[in-house]
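Okay, here's what each chain looks like letter by letter:
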Amino acid sequence: MRAARLPRVLHLIPILDQGGAEAMLANLVKATADRVEHRIATLVATPNFFGIDPALIRSPPSPLRQPSPAMLRHLRAAARESDPDIIHCWMYHANLASIALPRRGRRVIWSIHSTHLAEAISKSRTRLVDRLCQRLSHRVPDR
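In this convention, every chain numbers its residues from 1, walking through the sequence in written order. pLDDT decides what is reported in this predicted model: residues at 70 or higher carry local features, side-chain atom pairs at 80 or more are listed and counted, and totals for whole chains, interfaces and linings draw on all residues regardless. In computing side-chain values, all of the structure's heavy atoms are included and hydrogens and water are not.

Q: Got a minute to help me understand the pairing of strand E1 (residues 8–13) in this structure?
A: Per-residue accessibility, obtained with a 1.4 Å probe over protein chains only, is compared with the maximum for each type, and a residue is labelled buried under 20%, exposed over 50%, and partly exposed between these values. Where helices and strands are cited, they refer to DSSP runs of H or I of at least four residues and of E of at least two residues respectively, numbered from the N terminus. Among the six residues in E1, six count as buried, and that is most of the element. In E1, alternate side chains face the same way, and those of Arg8, Leu10 and Leu12 on one face and Val9, His11 and Ile13 on the other are all buried. The pairing of E1 with strand E2 (residues 37–42) spans six bridges and is classified as parallel. Considered in E2, the bridge of leucine 12 is made with alanine 41. If the strands point away from the viewer and the path from the first strand over the helix to the second runs clockwise, then the crossover is right-handed. Following the chain from E1 across helix H1 (residues 20–32) to the adjacent parallel E2, one finds a crossover that is right-handed. Strand pairing is assigned whenever DSSP detects at least two bridges linking the two strands. Of the strand pairs in this sheet, E1 and strand E4 (residues 86–90) are connected by four bridges, and their pairing is parallel. Its bridge partner lying in E4, leucine 10 is registered against isoleucine 87.

Q: Please clarify how the pattern of salt bridges should be interpreted in this entry.
A: Close approach of charged atoms allows side chains of opposite charge to pair. Within this document, salt bridges are pairs made up of a side-chain nitrogen of Lys or Arg and a carboxyl oxygen of Asp or Glu, the two lying within 4 Å of each other. Overall, the coordinates contain eight salt bridges when judged by the stated rule. Between arginine 35 and aspartate 34 there is a salt bridge whose closest N-O contact spans 3.1 Å. Measuring nitrogen to oxygen at the nearest pair gives 2.6 Å for the salt bridge that ties aspartate 142 to arginine 103. Of the two residues, aspartate 142 sits in the segment after helix H4 (124–136) while arginine 103 sits in the loop between helix H3 (92–97) and strand E5 (107–111), which places them 39 residues apart along the sequence. Bridged by salt links that share partners, the residues Arg8, Glu37, Arg39, Asp83 and Arg106 form one connected network.

Q: When you look at H1 in this model, what are you seeing that I'm missing?
A: One fewer than the residue count of a helix, multiplied by 1.5 Å, yields its expected span. Under the 1.5 Å per step criterion, the end-to-end length of H1 is 18 Å for 13 residues, consistent within 8% with the ideal 18 Å. In what follows, residue pairs with any heavy atoms lying within 4.5 Å of each other are defined as contacts. Its buried side turned inward, H1 meets E1, E2 and E4.

Q: What exactly am I supposed to notice about H4 here?
A: Because the α-helix completes a turn every 3.6 residues, residues three or four places apart line up on one side. Taking 1.5 Å per residue as the helical rise, H4 with its 13 residues ought to reach 18 Å, and the 19 Å between its terminal C-alpha atoms agrees with that figure. Of the positions making up H4, those classed as buried are Thr126, Arg127, Val129, Asp130 and Cys133. In an axial view of H4, the angular spread of the buried residues amounts to 160°, which keeps them on one side of the axis. Opposite its buried face, H4 presents the exposed residues Ser124 and Arg135, each directed more than 90 degrees away. To be clear, the arc concerns the directions from the helix axis to the C-beta atoms.

Spelled out as structure tokens, the structure:
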């Protein structure tokens, strides 16, 4: 008898450097590795601060800090290779980037771990991305 396939989740996150969302992702991956097949795609190549298994991570080949055709190709390749059931996006930029991925019946989850972006401490681009995501939040993610 054939064993059931584990659910596949592609986590889309801007970086894997030190941070709260990155720590939560690392803990989630480690705690559920026996029940979920995790893959991680980053928007920017950074150090893997929390020691996630490098085999699970797909980072862009060069530091792509701006949206570009290369970043789009990188994200689409990550989705194609991992063939996920769910795309779990972490933080504002990853949420917005998920719009460029083909859905193909996949469920999309947007995660936001801070609800207030103070002008004094938040970059203007992040605040802009947040406002765009607010407008799209009723149509794009399933959760």
